[in-house]
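Here is what each chain is made of, one letter per residue.
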Amino acid sequence: MREIRVIGDPVLRTPAEPVTDFDRELRRLIEEMFEAMYAVNGVGLAGPQIGVSRRLFVYDINKRKGHVINPTLTVDDPEEIVDEEGCLSVPDRRTRLPIYAPVARAAGVTVEGLDRLQRPVRIKARGSLARCFQHETEHLDGKLYVDRLPKNEARKIVLKA
């Protein structure tokens, strides 16, 4: 089972490289990402979170399940929705559970990329799925949800992690 990397690991702050090889190893990686995500009751997981600096993520939220390779994200509805958000890579050091905080995200987005067979993927999303896509895409850019918080709030979370 792949280990979830936590805040402080440099891979989480490094922009991920595009996926170029669509082979058996990639298919195995996607399966391992789902296993790692389910093992900790997550709803999304990006490559860097398991130490793989490649641009891909998996998700399973609100009866929508899939993966996107080399995603690009477009904001369709910039209205900001504030909701509680946590991250598997920012767990409380004692409980090992994600630390939640209110985070503003765009109300609607479209993510485009490829699936494991190099077929185009295009998904319009709102609500929790849109939030998940934004969160996971930011991981691929070396960003964490705490980067969206006021500095004093982010500091409190980082000290607990």
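What counts as what
Residues numbered from 1 in each chain as written. Predicted model: local features only at pLDDT ≥ 70, side-chain atom pairs only at ≥ 80, totals over all residues. Heavy atoms only, no water. Helix = DSSP H or I, 4+ residues; strand = E, 2+ residues; numbered from the N terminus. Rg over C-alpha atoms; globule rule 2.2 N^0.38 Å. Buried < 20%, exposed > 50% of the residue type's maximum accessible area, 1.4 Å probe, protein only. Contact = heavy atoms within 4.5 Å. Areas by Shrake-Rupley, 256 points an atom, 1.4 Å probe, with all protein chains shown as cover. Lys, Arg positive; Asp, Glu negative; His and termini not counted. Charge placed at Lys NZ, Arg CZ, Asp CG, Glu CD. Expected span 1.5 Å × (residues − 1). Pairing = 2+ DSSP bridges. Axes fitted to C-alpha atoms, helices over the stretch in contact; angles between N-to-C directions. Polar contact = N/O pair within 3.5 Å; in protein donor to acceptor, adjacent residues only side chain to side chain. Salt bridge = Lys/Arg side-chain N within 4 Å of Asp/Glu carboxyl O.

**Student:** Mind laying out the overall build of the protein, listing which residues take part and the relevant values?
**Tutor:** Scanning the protein from terminus to terminus reveals three helices and five strands. Helices and strands appear in the protein in the N-to-C order α-β-β-β-β-β-α-α. Taking 15 Å as the expected radius of gyration for a compact globule of 161 residues, we find that the protein reaches 15 Å, a close match to that expectation. Here the protein holds 161 residues, and 48% of them are scored as buried. Counting contacts in the protein only where the partners sit at least 6 residues apart, residues at least 24 apart contribute 66% of the total. Here the protein has roughly 8,800 Å² of accessible surface; of this, 48% comes from carbon and sulfur atoms. Charged side chains in the protein number 27 positive and 25 negative. The centres of these two groups are separated by 2 Å.

**Student:** Quick rundown of helix α2 (residues 127-140)? Include the residues and the values.
**Tutor:** Spanning 14 residues, α2 covers 21 Å between terminal C-alpha atoms, matching the ideal 20 Å at 1.5 Å per step. Among the 14 residues that make up α2, twelve are buried, leaving the element largely enclosed by the rest of the structure. The complete set of buried residues in α2 reads Leu 129, Ala 130, Arg 131, Cys 132, Phe 133, Gln 134, His 135, Glu 136, Thr 137, Glu 138, His 139 and Leu 140. Tucked inside the fold, the buried residues of α2 contact β1 (44-46), β2 (56-61), β3 (64-85), β4 (101-114) and β5 (120-126). Gly 142 lies just past α2 and shows a positive phi near 80°.

**Student:** Mind laying out the sheet that holds β1, listing which residues take part and the relevant values?
**Tutor:** Strand order in the open sheet formed by five strands is β1-β2-β3-β4-β5, with antiparallel pairing between adjacent strands. The open sheet terminates on both sides in strands that have one partner only, identified here as β1 and β5. Pairwise comparison of adjacent strand axes, ignoring direction, gives a mean angle of 30° for this sheet. In this sheet, β4 lies alongside β3 in antiparallel orientation, the contact comprising twelve bridges. Opposite Glu 80, over in β4, you have Ala 106 as the bridge partner. This element, α2, spans β1, β2, β3, β4 and β5 of the sheet and lies at about 80° to β4.

**Student:** Describe the side chain of Asp 115, naming the residues involved and giving the relevant values.
**Tutor:** For Asp 115, the location among the structural elements is in the loop between β4 and β5. Relative accessible area serves as the criterion here: at 9%, Asp 115 is assigned to the buried category. At a separation of 2.8 Å, a polar atom in the side chain of Asp 115 contacts the main-chain amide nitrogen of Leu 117. Setting aside anything within four residues of it in sequence, one finds Asp 115 in contact with Phe 22, His 67, Ile 69 and Val 121.

**Student:** Can you explain the pairing of β4? Please cite residues and give values.
**Tutor:** Successive side chains on a regular strand alternate, one facing one side of the sheet and the next facing the other. Burial analysis of β4 places ten of its 14 residues in the buried class, the great majority of the element. Between β4 and β5, which pair antiparallel one after the other, the connecting turn spans five residues, and Gln 118 there sits at a positive phi close to 70°.

**Student:** Explain the pattern of salt bridges residue by residue, including any values.
**Tutor:** Side-chain pairs of opposite charge can arise whenever the charged atoms involved come near each other. Across all of its chains, the model carries 13 salt bridges by this definition. Across the pair Arg 5 and Asp 9 runs a salt bridge, and its minimum N-O distance is 2.9 Å. With relative accessibility at 28%, the residue Arg 5 sits in the partly exposed group. A salt bridge links Glu 85 to Arg 131, with the nearest nitrogen and oxygen atoms 2.6 Å apart. Residue Glu 85 is located in strand β3, and its partner Arg 131 is located in helix α2; the two are separated by 46 residues in the primary sequence. Judged on exposure class, the residue Glu 85 and its partner Arg 131 are both buried. The network of salt bridges with common partners includes Glu 85, Arg 105, Arg 131, Glu 138 and Arg 148.

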